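# Coordinate inspection notes
Residues per chain are reported as follows:
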Amino acid sequence: MPSYLQWLRFFWLPGLILILPFAHYLPWLDLGPLYNKQLPFFLLGAALVLSVLYRSSRVALAAGLFLLLYAATSLGLLPEGAQGLPLYLALMALNLMLIACARDRGALSLIALAWLLVLIAQGMALFLLQECCGPLSRQFVLENLPVWVSEDRDASVILPLLVCVAAAVGASLLFILFPGPTVAGLFSCTLLLGYGIWTGLPLVPIASAAGLLLILSLLGAGYEFAFRDALTGLLSRRAFYYHMLAPGRHYSLAMIDIDHFKKLNDRFGHQTGDQVLRMVAGLINRHTTGRTFRFGGEEFAVVIPGRDRMGAEKALGHLCGKIAAYPMRLRAAGRLRDRMIPGRSGQRIKVTVSIGLAHREKSLKKPDAVLKAADLALYKAKRSGRNRLCVHVEARDQSTKCKSGT
Ligand SMILES: Nc1nc2c(ncn2[C@@H]2O[C@H](COP(=O)(O)OP(=O)(O)OP(=O)(O)O)[C@@H](O)[C@H]2O)c(=O)[nH]1
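About the criteria used
- Think of each chain on its own: its residues are numbered from 1, step by step along the sequence as written.
- The predicted origin of the model limits local features to residues at a pLDDT of at least 70 and limits the giving and counting of side-chain atom pairs to 80 or more, whereas totals for whole chains, interfaces and linings rest on all residues.
- Only hydrogens and water are removed before side-chain values are computed, so all heavy atoms of the structure are retained for them.
- UniProt positions are given in the numbering used here, feature names are shortened, and annotations may be inferred rather than shown by experiment.
- Pairing between strands is defined by DSSP: at least two bridges between them are needed.
- Secondary structure elements are taken from DSSP: a helix is a run of H or I of four residues or more, a strand is a run of E of two residues or more, and numbering for both begins at the N terminus.
- Multiplying one less than the number of residues by 1.5 Å gives the expected span of a helix.
- Exposed residues in this analysis have more than 50% of their type's maximum accessible area, buried residues have under 20%, and partly exposed residues fall in between, with area computed by a 1.4 Å probe over protein chains only.
- In this description, one arc is meant: the one made by directions from the helix axis to the C-beta atoms.

As recorded by an unreviewed UniProt entry, the protein chain carries the name diguanylate cyclase and is attributed to Microbulbifer spongiae. Under the heading Catalytic activity (unreviewed entry), UniProt records this for the protein chain: "2 GTP = 3',3'-c-di-GMP + 2 diphosphate".

Have a look at this one:
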């Protein structure tokens, strides 16, 4: 599966929250509970507490910021009308983008505290500015912004809207560079703020939805932590066991092991070994259908759903050859590059894998039995020379057939 499609997984749940405001247009849906004035305090408070537990300074700052703004408007310290609020929301979007750039350092760290003070100072500066100069006048906007943006909209929302769009673009670029649930959550919050400014939605549903988005981003981070392998980005062994509790009626299971990985580690170092693991994981993902898991160490498992056994065997035989033929070169700094550059020297690293494959069939009904058969086939592939695919064959002698990858 292409990596950009994998990124989309970070937006499934935020997407559901982001379409919530559109439910406005569905007359049969009662959105009354979302307008409960206490709800934002509960949701943002929960996000804040969870962020401390998850040691996420970014979510803590975002939740703290929303809480401050919501508390200030609830107490009447900030104007809730169309004149003042959009500017605060835009400033918030800008800060969320900046927060997304930072690294998590633990919610109670000194840096997080310093940042919170800077954010409060910004809010106060904006408050004083509005107090002494009055709200952003229509005249100012019309004079300083292109006419096309300010013809039929309320002028006071145009500048905040532009700031919000800039923040959302910045956050989306960040997400492309550092995909993850936290950046996805903060990016979704900037979109939410932009939507709030655009429609003039009251702060109650915006703050509630922001609380939900931040909670979901933490739950997403928890899921990644529990079910993803941090090095390769593949699903983890734990996810494999959960998947094998209900793998479906027809599937094939491949166990893939990198050959002589210990030697490679010893010769080129652990860092190079890690890069080889990442590259092999990427190649497996690219050249197989089904779900790929990092089973542990230098071993991977692929569960291919469906009855097409020949198709699975063909794809895995192909994978063996693709990995053996893949040009990996060692850079001077000990880093690998995945393409040969003509004229550049660098030691070539040959990486091969052995694969054991078993299909779910009459004699192998339970997932444990399929796993055992695939493991035996892998053992056979190792013993008969490595760099090959061996398939468990359903027969009286439970034999295997093998095919070399070169
Ligand atoms: N760089 C790196 N090495 C790892 C990681 N996990 C396990 N290893 C190493 O993988 C090696 C596995 O070695 P073995 O189980 O002997 O397997 P092998 O050398 O590939 O031998 P065969 O499987 O028989 O071809 C060990 O040296 C582990 O230290 C990891 O995350 N990164």
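## Looking at the pairing of strand β2 (residues 291–296)
Sheet topology places β2 next to strand β3 (residues 299–305); five bridges connect them, and they run antiparallel. Within the sheet, the bridge partner assigned to Phe293 lies in β3 and is Ala301. Between β2 and β3, which pair antiparallel one after the other, the connecting turn spans two residues, and Gly297 there sits at a positive phi close to 50°.

## Description of the UniProt feature "transmembrane region" (unreviewed entry) in the protein chain
Mapped onto this numbering, the UniProt entry annotates "transmembrane region" (unreviewed entry) at residues 7–26, 38–54, 59–79, 85–102, 109–129 and 157–178. The span residues 157–178 is 91% helix and 0% strand, and its two end C-alpha atoms sit 31 Å from each other.

## Focus on helix α10 (residues 203–227)
Across its 25 residues, α10 extends 35 Å between first and last C-alpha, which sits within 8% of the 36 Å expected from 1.5 Å per residue. Most of α10 is tucked away: 18 of the 25 residues are buried.

## A word on helix α12 (residues 261–268)
Phe261, Leu264, Asn265 and Phe268 are the residues of α12 that are buried. Angularly, the buried residues of α12 cover 100° about the axis, an arc narrow enough to put them on a single face. Summarising the geometry of α12, the exposed residues directed more than 90 degrees from the buried face are Lys262, Lys263, Asp266 and Arg267. Of the residues flanking the end of α12, it is Gly269, one or two places downstream, whose phi is positive at about 100°.

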